[in-house]
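Here's the letter readout for the chains.
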Amino acid sequence: GESVGLHLPTLSVQEGDNSIINCAYSNSASDYFIWYKQESGKGPQFIIDIRSNMDKRQGQRVTVLLNKTVKHLSLQIAATQPGDSAVYFCAEPSNTGKLIFGQGTTLQVKP
Amino acid sequence: EPEVTQTPSHQVTQMGQEVILRCVPISNHLYFYWYRQILGQKVEFLVSFYNNEISEKSEIFDDQFSVERPDGSNFTLKIRSTKLEDSAMYFCASSYGRASYEQYFGPGTRLTVT
């Protein structure tokens, strides 16, 4: 069946360092992925997306990399700040529209 | 910036009672969703709604659950007879299109069943 999964439940980084959060998926036909950020007590918030015709997409301080060969994507956050502390989910929309979320990685930023 | 709103933020109810969770999606959106998140777990899809009918529902969304769009702005999730395992955060989301369109999530309703 379809699934997306994250590699590490928790990632702890020093403020100012770069963070890399990983995600694997199982369906080789998957063509669209989204990263969501969920702060404590809030709903998931869209960060960045990527389609399968791209290997890389950049936003403000964030970059998503997609490796279709090994069915892996990653979210890179440059110069991590305390406000980046949250749970990060990769998600994949099915062709019916529902989002399939991975387990989530908790990013802890140490001052 | 337009946003999805949900009420109440926290609902405590006794097992067996009915609850209605309310959502106001973004006004020009056409697709509506409910998700839930049990504490410490991932977000799970419950149901999608389009054109005044359910488009898809998960196996979690059994006969105890129903959704309704009673007017042009509200979107509700009703649980007829709550169980302890229904305790979770419930998120409403909406999008303009399906699949490749960004879903905007509300802040959630924390449901506690005692």
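Below: a short report on this structure.

1. What to know about the overall build of chain A
Next up, step 1: Counting secondary structure elements, chain A contains 0 helices and 11 strands.
Next up, step 2: Going residue by residue from the N terminus, the α and β elements of chain A occur as β-β-β-β-β-β-β-β-β-β-β.
Next up, step 3: In terms of overall dimensions, chain A is globule-like: its C-alpha atoms have a radius of gyration of 13 Å, near the 13 Å expected for 111 residues.
Next up, step 4: Summarising its shape, the C-alpha atoms of chain A cover approximately 40 × 30 × 20 Å along the three principal directions.
Next up, step 5: For chain A, the residues scored as buried account for 45% of the 111 residues in total.
Next up, step 6: Long-range contacts, defined here as pairs at least 24 residues apart, represent 52% of the contacts in chain A between residues at least 6 apart.

2. Overview of the state of the cysteines
The term disulfide refers to a covalent linkage connecting the sulfur atoms of a pair of cysteines.
Next up, step 1: The tally for this structure, following the rule as stated, stands at 2 disulfides over all chains.
Next up, step 2: Each sulfur in the disulfide pair Cys 23 of chain A and Cys 90 of chain A lies 1.7 Å from the other. Torsion about the S-S bond of the Cys 23 of chain A and Cys 90 of chain A cystine: about 50 degrees, corresponding to right-handed handedness. With a gap of 67 residues between them, Cys 23 of chain A in strand S3 (residues 19-25) and Cys 90 of chain A in strand S9 (residues 86-93) connect regions that are remote in the sequence. For the residue pair Cys 23 of chain A and Cys 90 of chain A, the accessibility class agrees, reading buried in each case.
Next up, step 3: Residue Cys 23 of chain B pairs covalently with Cys 92 of chain B via a disulfide, S to S 1.9 Å. Because the sign of the S-S torsion sets the handedness, a value of about -60 degrees for the bond joining Cys 23 of chain B and Cys 92 of chain B places this disulfide among the left-handed ones. Of this pair, Cys 23 of chain B sits in strand S3 (residues 19-24) while Cys 92 of chain B sits in strand S9 (residues 88-95), and the two are 69 residues apart along the sequence.

3. Remarks on the interface of chain B and chain A
Next up, step 1: The interface of chain B with chain A comprises 16 residues on the first partner and 20 residues on the second.
Next up, step 2: In total, about 1600 Å² of surface goes out of reach between chain B and chain A, with carbon and sulfur atoms giving 54% of it.
Next up, step 3: Between Glu 56 of chain B and Lys 98 of chain A there is a salt bridge; the shortest N-O distance is 3.2 Å.
Next up, step 4: At the surface where chain B touches chain A, the tally comes to 7 residue pairs in polar contact (both at pLDDT 80 or more).
Next up, step 5: When residues in the side of chain B that touches chain A are grouped by element, the largest group, 3 residues, is from strand S4 (residues 31-37) of chain B.

4. Quick word on the environment of Asp 17 of chain A
Residues and elements named next belong to chain A.
Next up, step 1: In this structure, Asp 17 sits in the loop between strand S2 (10-14) and S3.
Next up, step 2: Distance in space between the C-alpha atoms of Asp 17 and Asp 55 is 23 Å, their sequence separation being 38 residues.
Next up, step 3: Look past the residues within four positions of Asp 17 in its chain and what remains in contact with it is Ile 77, Ala 78, Ala 79 and Thr 80.

5. A short note on the sheet that holds S3 of chain B
Residue and element names in this part refer to chain B.
Next up, step 1: With antiparallel pairing, 4 strands are arranged side by side in an open sheet as S1-S3-S8-S7. Two strands lie at the open edges of the sheet, namely strand S1 (5-7) and strand S7 (65-68), each paired on one side alone. Adjacent strand axes in the sheet meet at a mean angle of 20 degrees, parallel and antiparallel pairs treated alike.
Next up, step 2: Where S1 lies against S3, 3 bridges are found, and the strand directions are antiparallel.

6. With respect to the pairing of strand S8 (residues 72-77) of chain A
Residue and element names in this part refer to chain A.
Next up, step 1: Counting buried positions along S8 gives 5 out of 6 residues, so the element sits mostly inside the fold.
Next up, step 2: By the bridge criterion, 6 bridges tie S3 to S8 in an arrangement that is antiparallel. Bridging from a neighbouring strand, Ile 20 pairs with Gln 76 of S8.
Next up, step 3: Inspection of the sheet shows strand S7 (residues 62-67) paired to S8 by 6 bridges, in the antiparallel sense.

Parameters and conventions
- Each chain carries its own residue numbering, running from 1 in the written order of its sequence.
- Labels follow written order: the first chain is A, the first ligand is 1, and so on.
- Where local features are concerned, this predicted model is filtered to residues with pLDDT of at least 70; where side-chain atom pairs are given and counted, the filter is 80 or more; whole-chain, interface and lining totals use all residues.
- Values reported for side chains reflect all heavy atoms of the structure, with hydrogen atoms and water molecules removed beforehand.
- Runs of E in the DSSP output that reach at least two residues are strands. Runs of H or I that reach at least four are helices, and both are numbered from the N terminus.
- Throughout, the radius of gyration refers to the C-alpha atoms, and the reference size of a globule is 2.2 Å times the residue count to the power 0.38.
- The buried label applies to any residue whose accessible area, calculated with a 1.4 Å probe on protein chains only, is under 20% of its type's maximum; exposed applies above 50%, and partly exposed to all values in between.
- The contact definition used throughout considers only heavy atoms, calling two residues in contact when any of these lie within 4.5 Å.
- Our working definition of a disulfide is a cysteine sulfur pair at a distance within 2.5 Å.
- Summed over both partners, the accessible area lost on bringing two parts together, with a 1.4 Å probe, is the buried area.
- What makes a salt bridge here is a side-chain nitrogen of Lys or Arg within 4 Å of a carboxyl oxygen of Asp or Glu, nothing more.
- N or O atoms within 3.5 Å of each other form a polar contact, as long as, within protein, one can give a hydrogen and the other can take it, and as long as residues adjacent in sequence are counted only when both atoms are side-chain atoms.
- Criterion used throughout: strands pair if DSSP finds at least two bridges between them.
- All axes here are fitted lines through C-alpha atoms, helices being fitted over the stretch that makes contact, and every angle between N-to-C directions spans 0 to 180 degrees.

Distances and angles like these do not, on their own, reveal function.
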